[in-house]
Each structure stands twice: as C-alpha cells, then as structure tokens.
Amino acid sequence: MQDLLSSLASPIVIGVIVVVLVILIAVPLILRRRNTAPVDEEPPEFGETVDYTSMEVQEPTGWRERFTNLSLASKILVFVVPLLLVVAVVVLILLLPGGQNGQALQPTPAPPPEITVTEARLVGINPQRMRINATSTLPEGTEVTAQMIVDEEVFNWFNPEATVEVAADGAINGELNKAENALSPPEGTEPVVQLLATVGGQEVLSDQQPVVILVDEHADAFFGAAVAEVQPTPTEEEEPTPSATPEEEPEEETPEEAEPTAAPTATTNPISGDLVATVTNGGNVREEPLLIDNVVAQINAGEQVEIQGRTPNGLWYYIRNVRNNEGWVSGTLLSIDPAIAARVPVLPIVSVFTTGNVYAEPRAEGAPVDQVFVGETVDLFGKTSNGEWYEVETVREVRGWVSAALLGIPQEVAADVPVDTTTRSSPAEEEEEPAPTEAALPSPTPEPEQPAEAEVPLGPTGGGTLEAGGLTAQVQNTGSLRDQPDPNAEVLGEISAGESVELLQKNVNATWFRVRSTQGVEGWVNSSLLTVAPEVKERVPVA
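Presented here is a report on the structure given in the accompanying data block. (Residues numbered from 1 in each chain as written. Predicted model: local features only at pLDDT ≥ 70, side-chain atom pairs only at ≥ 80, totals over all residues. Heavy atoms only, no water.)

Quick word on the overall build of the chain
So, step 1. Scanning the chain from N- to C-terminus turns up nine helices and 30 strands.
So, step 2. Per-residue burial for the chain yields a buried fraction of 43% across its 543 residues.
So, step 3. Considering only contacts within the chain whose residues lie at least 6 apart along the sequence, 62% involve residues at least 24 apart.
So, step 4. Counting only carbon and sulfur atoms, one obtains 53% of the accessible surface of the chain, whose full area is about 30200 Å². (Helix = DSSP H or I, 4+ residues; strand = E, 2+ residues; numbered from the N terminus. Buried < 20%, exposed > 50% of the residue type's maximum accessible area, 1.4 Å probe, protein only. Contact = heavy atoms within 4.5 Å. Areas by Shrake-Rupley, 256 points an atom, 1.4 Å probe, with all protein chains shown as cover.)

Pasting the structure below:
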C-alpha cells in the first residue's frame, strides 16, 4: 500500500482518496450516533394483544416508496456506493498506464514528419539540374535540401544553398542545380537522392530514390568526369571522315574500319582557326549524330575543338578534337560564342519525317530499292526542279530518290541542295536547262548524319503560315501549349510535329519558349519540342 501511495503523484488523485476516506469514516459515526441517541418518548401503554400475522402485508408499490421506507444509513449508502465506484474507476485509469512504475498517463506524441521521394530526374546539363518530386507531412513553407548518395556514402553534388519549399498540400516540387565545383559520379555507379529538412530541431530524412536519366546525352554529361578518364587511345586521327570544309576529301570511310595507328597518333595538336569552341562537359564523339552505339572518341572538359559544321537545328556539331579525332558531338557539351555559331556551315543532312520507300528514279514506280524509317537520317545529294523528290543516301549506304513529304527539310538547307536536271519526277514535267552555276555547287558531305531524336525540322506538311520577319521555329514533336513554363501547368492547346510557330519569349535557360501557334494560340512549350536555330535562339527576348 505504501508503494501504491508513493506512486500517486497527482494532487487530484490524492484529493479524491482523502474525500473517500472522510466519507467512509463519517458514515459509520453518524449511524452509530443515531442508534445510541436517547429517546425522550414516554413508554407506550400496553393494550389489547394484536395478531400482526393476520394483518395484510403492504408491499411498496414503486421505487420512490421503497426509497422512502429505507433507513437513513441505506439512503446514504445509495449515494456513497456509486461515488466510490466512480472514484475506483478513475484511480484505475490513472494507475494502469503506468504499469509497475505507477506513472500517470502521458499524452500520445504526434507522429514524426515524413518525406517520400517519387522522382529524381536529371532534366538539364547546361547547367546540370535535377527535378525533384516528393510528398511529405512537413509544414507548409519548410525548406528542403537534397543530398546525393553514391556507394552508400554522401556525394557532394547538389548546390548546398539550393532549397525547395513545401507547398500547402505537403508536395515538394522543384529543380536543384549541381554545385559549381562538384565532381561527377563515377561511371557504373547508381546514385540515389535523399531529401533533408529540419522541423522543430529534429532532422527529417526521406527515403532514397535512384536518379533517372532519360537522355543518353544527359548520362554522358552526368558521368562526364568518368567518361573523360576512360577515353580510348586516340587511334582515329587518320580517318578521313567528311566535314564541311572544302579541304577534306569526300570519300566515305567509316570510323569503325580505321586501323590502330602507331605512336604519332597519341600526340595532341593545338586547335587553330576561326570556328573554335570550348568543351564544357566531357562526352562522346560519334560517327553519326545519333544516340546509338557509334562512339569513336571522347572530348574532355576544358579542351578546345574545331567546328566544321552543324545540323540544321544546331543540336549536333561536326568537330575535330585536339587528338585529330573527327565526328559528331552534342551541342550541349560545347560552349560556342553566338557570333561563331552564326558562321558555322549547315550540312545537308536531315531526318526522316515519315516512313516510306526509296526508288531508283524520282517517281513512285517500280520496286523500291530501300526504305527510310522515322528517326533515321539521310544525306542529300540533289533534288528535282520542282522540289518534290530528293536524291539521298540512307544509313544502309543505299542511294535513291524519296518524296520530299517523307523528310523534314529546313528552307535554308533545301535552297542549297543542287537541282538534278538529268531526271524528271513525271513524264509531263518539262526539262529545264541546267543553270551554269549548279556545276560549281559543292557536293554534300556524304558521311555525317543528323540526330534522329532531335532533327525533325520543317516538313512540307507543316500546318499554317506565320508572318514573315518574325522569329520562328519548327515543331519537332507534338506536345502541349501551357500557360506557364512548367510541365504541370494548365494546357492551353497543342502543337503538331511539322508546324511552324512564332517565338515570342524564352526563360533564362532557354529550356522553355513562349510561342504563338498557327491557330493563334499563345503559350509555353518545352524546347525539346522545337527545332530552333542557334542564331534565332539568341535573338528571342528573355521573359
């Protein structure tokens, strides 16, 4: 009993016990005093004998009558017993949660905040930035940071000053940039992202979400440092790969067939000339401007390269590096002065806009000699006088004629393709006398080919026209017009591949453009949906 009383620290419990004890002592005293009190009544007079057994018994007819007939002690007990039961229940409730220690009931603590990462995706490489989407139970306005973990160790990749605020519904959505001097994760590792926040002095950690990289170019840049270190020995210098400069020989020799050369090929040569760019992210040099297994060399961050040509949309550049390797690199790996970018020659290479047949003559007659497929590239060698057919060479090195409707050909490229006056697209087409200047036109370079995923410039099926003199671009992929430069913003309309759009504004990083479609609808579109020439991109005002 002593242990039990010592465990009752609550003043309320002690007070209740004292009241109960007082009642238990007072009730017997009152009853005893009543029974022993002297009676001042005169003794009764005895009269005739009464037989009470013969009298009719009067039973109480209700609870009121029963209560009235109770003695004073019984009436007190009627009220005291329920009170004691209530007190007992209260004492048990206060004592039981404490167990053997007899501790009072403690309030249940609120569950700790949680963060669940739903996506960590690399969305840009110039600068490198990660798109973070998560849900949480954090208070609105809480600042959240991120850390990258590689091989179970923290890898300092994110800018430590970059934060994302929690929305009213607990959502966490934003982009965090890479730190200026941060290293690249080693190739072959699987980096994961974890979010951190501090609430009430308590650190909250999220689950770990693997980094998602959807574009091969982004992967090259993300693991850029490692790619640069593992570059093969420079054995490709003697490959006479074609370029836009007249001094290069036009013979076609694929880089894969180049034989390893001796020690002189390992030396580096300084880059000279007017068209020079600096490598900002290490990456691959490719035989073709396509994201396929066609890597022939590498370039390292900080090196210079000589630019020899570009695709019509400016997404790929044909370069020579300091080890005399030549090939195609993504424009995202280079830092090019706008004045130099405007002078880079455009090579006659285009994407296949629609799958179709290749014929031996510029007419849909006879058996096809090959086919072209969406995403492939072709070299342009000539066209008919009406521009309806183009002589091309496919990626399978088959030469023939395809309908212009199958290709996405920018106007400036189409204008430079020579007219083949020796063929006719139909018997009714009149022969035109060859222009004396066409013989002097330079033949298109045979080998470089443009990127399938990035090169869908203006096609003959584009919808609508825009005012002359405006800044325009071609729609590369069908997509949505949004009211804000955000993939989650409200959709205002759609643009279709092959259409022309007028460029009105761009964001700071030129990853979103505000455009006006051929239907007159204005909105923001992601730059991945458009084919924008570098010189045009520079002229678009920043919003």
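Don't stop here, the text continues.
Looking at helix α4 (residues 72-95)
So, step 1. End to end, α4 covers 34 Å across 24 residues, agreeing with the expected 34 Å (1.5 Å per residue, within 8%).
So, step 2. Within α4, the axis deviates most sharply at Val 78, by approximately 25 degrees, and proline Pro 82 lies no more than four positions further along.
So, step 3. All buried positions along α4 are accounted for by Ala 73, Ile 76, Val 80, Val 87, Val 91 and Leu 95. (Expected span 1.5 Å × (residues − 1). Bend = angle between axes of the 7 residues up to and from the residue.)

Let's talk about the packing of aromatic side chains
So, step 1. The tally for this structure, following the rule as stated, stands at five aromatic pairs.
So, step 2. Summarising the aromatic geometry, the rings of Tyr 318 and Trp 328 are spaced 5.3 Å apart at their centres and angled 70 degrees between planes, so their arrangement reads as edge-to-face. Here the residue Tyr 318 occupies a position in strand β14 (residues 316-320), and Trp 328 occupies one in strand β15 (residues 326-330), the gap between them amounting to ten residues.
So, step 3. Grouping aromatic residues by their ring pairs yields a cluster made of Trp 157, Phe 158, Phe 222 and Phe 223.
So, step 4. When the ring centre of Phe 381 is taken as reference, the NZ or CZ atom of Arg 399 above it lies at 3.7 Å. (Phe/Tyr/Trp six-rings, centres within 6.5 Å; stacked < 30°, edge-to-face > 60°. Lys NZ or Arg CZ within 6 Å of the ring centre and 35° of its normal.)

Some points on unusual backbone geometry
So, step 1. Even without glycine at this site, Asp 151 takes up a positive phi of about 55 degrees.
So, step 2. Of note, Asp 151 is situated in the loop between β3 (143-150) and β4 (153-155).
So, step 3. With relative accessibility at 59%, the residue Asp 151 sits in the exposed group.
So, step 4. Backbone geometry places Glu 397, a non-glycine residue, at a positive phi of 60 degrees.
So, step 5. Structurally, Glu 397 is set in the loop between β21 (389-393) and β22 (399-403).

A closer look at the environment of Arg 320
So, step 1. With respect to the helices, strands and loops of the structure, Arg 320 is situated in strand β14.
So, step 2. Taking relative accessible area as the criterion, Arg 320 reaches 13% and is therefore assigned buried.
So, step 3. Once the C-alpha coordinates of Arg 320 and Val 276 are considered, the two residues, 44 residues apart in sequence, prove to be 9.7 Å apart.
So, step 4. Non-local contacts of Arg 320, meaning those with residues more than four positions away in its chain, are made with Pro 270, Ile 271, Val 305, Glu 306, Gln 308, Asn 325 and Glu 326.
So, step 5. A distance of 2.8 Å separates the side chain of Arg 320 from the side chain of Asn 324, its partner in a polar contact. (Polar contact = N/O pair within 3.5 Å; in protein donor to acceptor, adjacent residues only side chain to side chain.)

Things to note about the sheet that holds strand β2 (residues 128-136)
So, step 1. If you trace the three strands from one edge of the open sheet to the other, you get β1-β2-β6, paired in antiparallel fashion. Single-partner strands in this sheet number two, and they are β1 (115-125) and β6 (172-177). Strand-to-strand twist across the sheet, computed as the mean angle between neighbouring axes with direction ignored, equals 20 degrees.
So, step 2. Bridge analysis of β1 against β2 gives nine bridges, and the strand direction is antiparallel. Across the sheet, residue Glu 119 finds its bridge partner in β2, namely Asn 133. (Pairing = 2+ DSSP bridges. Axes fitted to C-alpha atoms, helices over the stretch in contact; angles between N-to-C directions.)

Section: the pattern of salt bridges
Opposite charge on two side chains allows them to pair when their charged atoms are near.
So, step 1. Summed over the entire model, instances satisfying the criterion amount to eleven salt bridges.
So, step 2. Note that Arg 286 is salt-bridged to Asp 220, the shortest N-O span being 3.3 Å. Of this pair, Arg 286 sits in strand β11 (residues 283-286) while Asp 220 sits in helix α5 (residues 216-222), placing them 66 residues apart in sequence. The pair formed by Arg 286 and Asp 220 is uniform in burial state, with each residue classed as buried.
So, step 3. Between Arg 396 and Asp 370 there is a salt bridge, with its nearest N and O atoms 3.1 Å apart. Separated by 26 residues along the polypeptide, Arg 396 in the loop between β21 and β22 and Asp 370 in strand β19 (residues 370-372) bring together distant segments of the chain.
So, step 4. A residue is classified by how much of its surface remains accessible, and Arg 396, at 36% relative accessible area, is partly exposed. (Salt bridge = Lys/Arg side-chain N within 4 Å of Asp/Glu carboxyl O.)

Side note on the environment of Ile 292
So, step 1. Checked against the element boundaries, Ile 292 lands in the loop between β11 and β12 (295-299).
So, step 2. As a C-alpha pair, Ile 292 and Asp 216 span 76 residues in sequence and 9.1 Å in three-dimensional space.

Observations concerning the side chain of Arg 482
So, step 1. With respect to the element layout, Arg 482 can be found in strand β25 (residues 479-482).
So, step 2. Buried and unpaired, Arg 482 has no salt bridge, with Asp 486 as the nearest side chain of opposite charge at 7.0 Å.
So, step 3. Those residues in contact with Arg 482 that sit more than four places away from it in its chain are Pro 487, Asn 488, Ala 489, Glu 490, Val 491, Leu 492, Trp 512, Gly 523 and Trp 524. (Lys, Arg positive; Asp, Glu negative; His and termini not counted.)

Considerations on the sheet that holds β21
Strands in a sheet are paired, the pairing made by backbone hydrogen bonds, and the direction either parallel or antiparallel.
So, step 1. On the basis of which strands lie adjacent, the open sheet formed by five strands has the order β22-β21-β20-β17-β23 and antiparallel pairing. At either margin of the open sheet sits one strand with a lone partner, and together these are β22 and β23 (407-408).
So, step 2. Relative to strand β20 (residues 377-383), strand β17 (residues 349-352) runs antiparallel, the two being bridged by three bridges. Residue pairing across strands places Val 350 opposite Val 378, the latter belonging to β20.

Observations concerning the nonpolar core
So, step 1. Membership of the largest hydrophobic core comes to 46 residues, with the highest contact counts inside it found for Met 130, Met 148, Ile 172, Leu 195, Ile 299, Ile 319 and Leu 334.
So, step 2. In terms of residue count, the dominant contributor to this core is β1 (five residues).
So, step 3. With sequence-adjacent residues up to four places away left out, Leu 334 is seen in contact with Ala 277, Thr 278, Val 279, Thr 280, Ile 299, Val 305, Tyr 317, Ile 319 and Val 329.
So, step 4. Of all hydrophobic cores here, the second largest spans 17 residues; its members include Ile 495, Ala 510, Leu 529 and Ala 533. (Core = buried A, V, L, I, M, F, W, Y, C linked by side-chain atoms within 4.5 Å.)

Some words on the pairing of β17
So, step 1. Summarising the sheet, β17 and β23 pair through two bridges and their orientation is antiparallel. From the neighbouring strand, Ser 351 faces β23, where its bridge partner is Gly 408.

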